[in-house]
Amino acid sequence: VFQKKHLRDFGEEHPFYEEAKPQICQLSESSDTSASESESESQPEQVSGYHKLLATLKNVSEEEEEDEEEEEEEEEDSIIDDAEMNDEGGGSDVSVEEEMAAESTQSPHNVALSADPEGKEDGEGPPGTSQASSDEFTDAKHESLFSLETNFLEEESGDRSSQASQDPFLQHVNKELKEKEIQAVATNPKTTHELKWPILGQLVFSSKFQKLETFKPPKDIDLKSLHLQKPLESTWTKTNSQFLSGPQKSSSPFTPVQKELFLIMNSYRDLFYPERTALKNGEEVRHVYCLHVINHVLKANAQVLGNNGKRRSQKFGVGDDDEFRDQGLTRPKVLIVVPFREAALRVVQLFISLLEGDSKKKIIVSNKKRFQGEYGSDPEERPPNLKRPEDYEAVFVGNIDDHFRIGVAILQRSIRLYAPFYSSDIVIASPLGLRTIIGGEGEKKRDFDFLSSIELLIIDQADIYLMQNWEHVLHLMNHMNLLPLDSHGVDFSRVRMWNLNNWSKYYRQTLLFGALQDAQINSVFNKYCVNTQGQVAVRNVPMTGSISHVLVQLPHVFQRMEAENLASVIDARFNFFVNKILPQYRDAVMSHTLIYIPSYFDFVRLRNYFKKEELNFTHICEYTQKSGVSRARHFFLQGEKQFLLFTERFHFYKRYTIKGIRNLIFYELPTYPHFYSEVCNMLRATNRGEEATWTCTVLYSKYDAQRLAAVAGVERAAQMLQSKKNVHLFITGEK
């Protein structure tokens, strides 16, 4: 169906299917289900056709890389091959079999699982073994040790009931909603209130529930007032010490930005923070949300274990069972979505650090060695001559495979990695890793019950999913907090009423972190976050745009095109480009023209149009093979091809400097504002004294307000959108 739709829309098949017709391979049985817990690990391992296919592809890709190591530019590619897009650029959903087959039929250097040759999602054998199994590895040995049903609370970590009434965790989970409040949410208008905080800046508090409460951060915070569960008060200061320097060290265990973020997190409001960058504050943010996660899980589990003890000591048949309602319909409470294995590794290392601290007693971490092997990376694998921008180095660090999922169980001071999902407290996964287990309509093998009782959803580095496949994020959000199809052995007398009423989504806290304000990310926050405590979004406007970082002398012509509504923008842009812009560039004098295209689907449409018109052009997209990229760059530099169609996702994953540009056209404003200045500054790469003839043309519409503000600055953007003139000129780099 997908392929037919693609043929109808674009007149060609999707690039995934260009190499070979997909073979439909059955997905490996996932052992994230509770059934796997009892399976013995000594069963003979079956090698599926899919795994064999991947193993052969891995060998081919290794041979190819050996051949190409002499060529410096080609060698640069090998590092990002693991992260090559293994999913289509945000089009319709594809069935899991198609998706997996598509991955396995790509050209060898595009195999997304090359860090994981046997197609093991969570690995079956120790790293480096070539034995594949049809099951993902899950830890079956430690089931009883980490079971919430059969364990009890250790005395020393007992609940401090004197302060319990003020504990934000208990206030949140014990809050009782009424049926009429839930019904009113559908019709209530959203109430909003803006506040300025010292560090985070402009905040918008909003709620669909009747009462909107806002607060300002106190000057000083006492760790005691935050109700951190033991041992976090002592371990947090040590874990976070790398960010604290000078006089702060003595006064506050948080950095200024961490303090404000944690106050919002600890109030159990939903949070959207679009200023988390890998270069600047990414690790600070990761530390603070991991503190919140461990605090939440330790409190939730302590409540269950404490009640186990009370029930044991209580005489049979006496007392009210309702007082022991302390859990959801399934055990996983926290879902952390991260883009690469390296991020999952860092999250788990932080969990260990937060539970261990500086205590002499090491905590028990099961399967730690295996985890390090499958999620770690060998620093020697990086080509030595890679020269890339700092932000690129910060994003693509370590193991950048983007297909994984792992369950983590925490019991007091022990961690179990690779726990089966239904015995896990925390699931850490990539959007693709979740997509392949959630499955699609009509698929036999699919499972999303483990998402039914998620109380805390963290989506980190959301902007990267725009460059992977945003459809996977939407697919996940549509499967959050649904009633499970199976009971999974739950004791219904212990399940909270709001879980039984199917109100979990009103109690789920969502924390969304990204590097930019984007309409698609905003839409997820506005549509899917309906927490009873309300939402907080950071909404600072960029005063200076990225155009101020353009160093070359260049006239920037911004051309506004009109569109009736959001749905018609795509066609309006295409028609405007073909009828108004392209005719100016058809003359041979306007050779060396690079056309920068953010959307893959726009790229396919333009490529088909250029072919039909028999224009002299070449193209580079995220699916182009190395040899094709080299040829296209060579022809463009020599002037043998007049136009180069160039996709944003190729730039995101490779960051090549394209030489020979004299005329630039931004078919649409870039997703990342700094890509604008980066691409403009590429003109410097071949300066042969023709600066006077360089041009840059940008298409925009009123629906591009956010991207325009990020490139031109908010004041200029406002003028450009309101002005009667449709053409605006800026000149950069004047001496």
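Scroll up a little and you will see the structure.
What this report covers is the structure whose coordinates are included nearby. (Residues numbered from 1 in each chain as written. Predicted model: local features only at pLDDT ≥ 70, side-chain atom pairs only at ≥ 80, totals over all residues. Heavy atoms only, no water.)

The subject of this paragraph is the overall build of the protein chain. A tally of regular secondary structure across the protein chain gives 26 helices and 18 strands. The burial tally for the protein chain puts 59% of its 735 residues in the buried class. Excluding contacts between residues fewer than 6 apart, the proportion of contacts in the protein chain whose partners are at least 24 apart in sequence is 79%. A total of about 31,000 Å² of accessible surface is found on the protein chain, and carbon and sulfur atoms cover 50% of it. (Helix = DSSP H or I, 4+ residues; strand = E, 2+ residues; numbered from the N terminus. Buried < 20%, exposed > 50% of the residue type's maximum accessible area, 1.4 Å probe, protein only. Contact = heavy atoms within 4.5 Å. Areas by Shrake-Rupley, 256 points an atom, 1.4 Å probe, with all protein chains shown as cover.)

What follows is about the sheet that holds strand β7 (residues 414-417). In spatial order, the strands read β1-β2-β11-β3-β10-β9-β4-β8-β6-β7-β5; together these 11 strands make up an open sheet with mixed pairing. With one partner strand each, in any of the chains shown, β1 (191-197) and β5 (364-366) form the two edges of the open sheet. Within the sheet, the average angular offset between the axes of one strand and its neighbour, ignoring direction, is 15°. Here helix α13 (residues 368-375) sits on the sheet in contact with β5, β6 (405-411) and β7, set at roughly 150° to β6. Packed on one face of the sheet, helix α19 (residues 519-528) meets β3 (270-273), β10 (509-513) and β11 (535-538) and runs near 170° to β3. (Pairing = 2+ DSSP bridges. Axes fitted to C-alpha atoms, helices over the stretch in contact; angles between N-to-C directions.)

Moving on, we come to the sheet that holds strand β15 (residues 643-647). In a beta sheet, neighbouring strands are held together by backbone hydrogen bonds and run either parallel or antiparallel to one another. Sheet architecture is open: seven strands sit in the order β14-β15-β13-β16-β17-β12-β18, paired in mixed fashion. The strands lining the two open edges of the sheet, one partner per strand, are β14 (617-620) and β18 (727-732). For this sheet, the mean angle separating the axes of adjacent strands, direction not counted, is 20°. The strands that helix α20 (residues 569-585) touches are β12 (554-560), β13 (593-597), β15, β16 (663-666) and β17 (695-700); relative to β17, the one it contacts most, it runs at about 165°. Here helix α26 (residues 714-722) sits on the sheet in contact with β12, β17 and β18, set at roughly 45° to β12.

Another point: the packing of helix α8 (residues 232-239) against helix α12 (residues 341-356). Two quantities define a packed helix pair, namely the angle between the axes and the distance from one axis to the other. Contact geometry for α8 and α12: axes closest at 7 Å, N-to-C directions at 125°. One element, α8, and the other, α12, form an angle in the oblique class. Of the residues in α12, those in contact with L232, T235, W236 and T239 of α8 are L350, S353, L354, L355 and E356. Grouping the amino acids of the contact of α8 with α12 by side-chain chemistry returns five nonpolar, three polar and one charged. (Parallel < 35°, antiparallel > 145°, perpendicular 65-115°, else oblique. Nonpolar A, V, L, I, M, F, W, Y, C, P; charged D, E, K, R; others polar.)

Here the focus is the packing of helix α10 (residues 256-266) against helix α11 (residues 282-313). The geometry of α10 relative to α11 is characterised by a closest axis approach of 10 Å and an angle of 30° between their N-to-C directions. Between α10 and α11, the angle falls in the class roughly parallel. With respect to the hand of their crossing, α10 and α11 are arranged in right-handed fashion. Within the contact between the two elements, α10 uses V257, Q258, L261, F262, M265 and N266 and α11 uses E284, V285, H287, V288, Y289, L291, H292 and N295. Its residues placed into classes, the contact of α10 with α11 shows eight nonpolar, five polar and one charged. (Left-handed = near helix turned anticlockwise from the far one by under 90°.)

Further remarks concern the nonpolar core. Counting 79 residues, the largest nonpolar core has L335, F558, L594, I658 and Y676 as the members making the most contacts within it. No other element matches helix α16 (residues 462-467), which puts five residues into this core. A domain split of this core shows at least three residues from each of domain 1 (168-243 + 253-312 + 341-360 + 456-538) and domain 2 (544-732). Not counting chain neighbours up to four residues away, the residues in contact with L335 comprise V427, L434, L451, I454, L456, L457, I458, L476 and M480. Of all hydrophobic cores here, the second largest spans 62 residues; its members include L195, V285, V338 and L417. (Core = buried A, V, L, I, M, F, W, Y, C linked by side-chain atoms within 4.5 Å. Domains from an automatic or database assignment.)

To continue, consider the pairing of β12. The buried count for β12 comes to five of seven residues, which makes it a mostly enclosed element. By the bridge criterion, six bridges tie β12 to β18 in an arrangement that is antiparallel. If you follow F558 over to β18, its bridge partner there is H728. Two elements, β12 and β17, share five bridges in a ladder whose sense is parallel. Each bridged residue has a counterpart across the sheet, and for Q559 the counterpart in β17 is L699.

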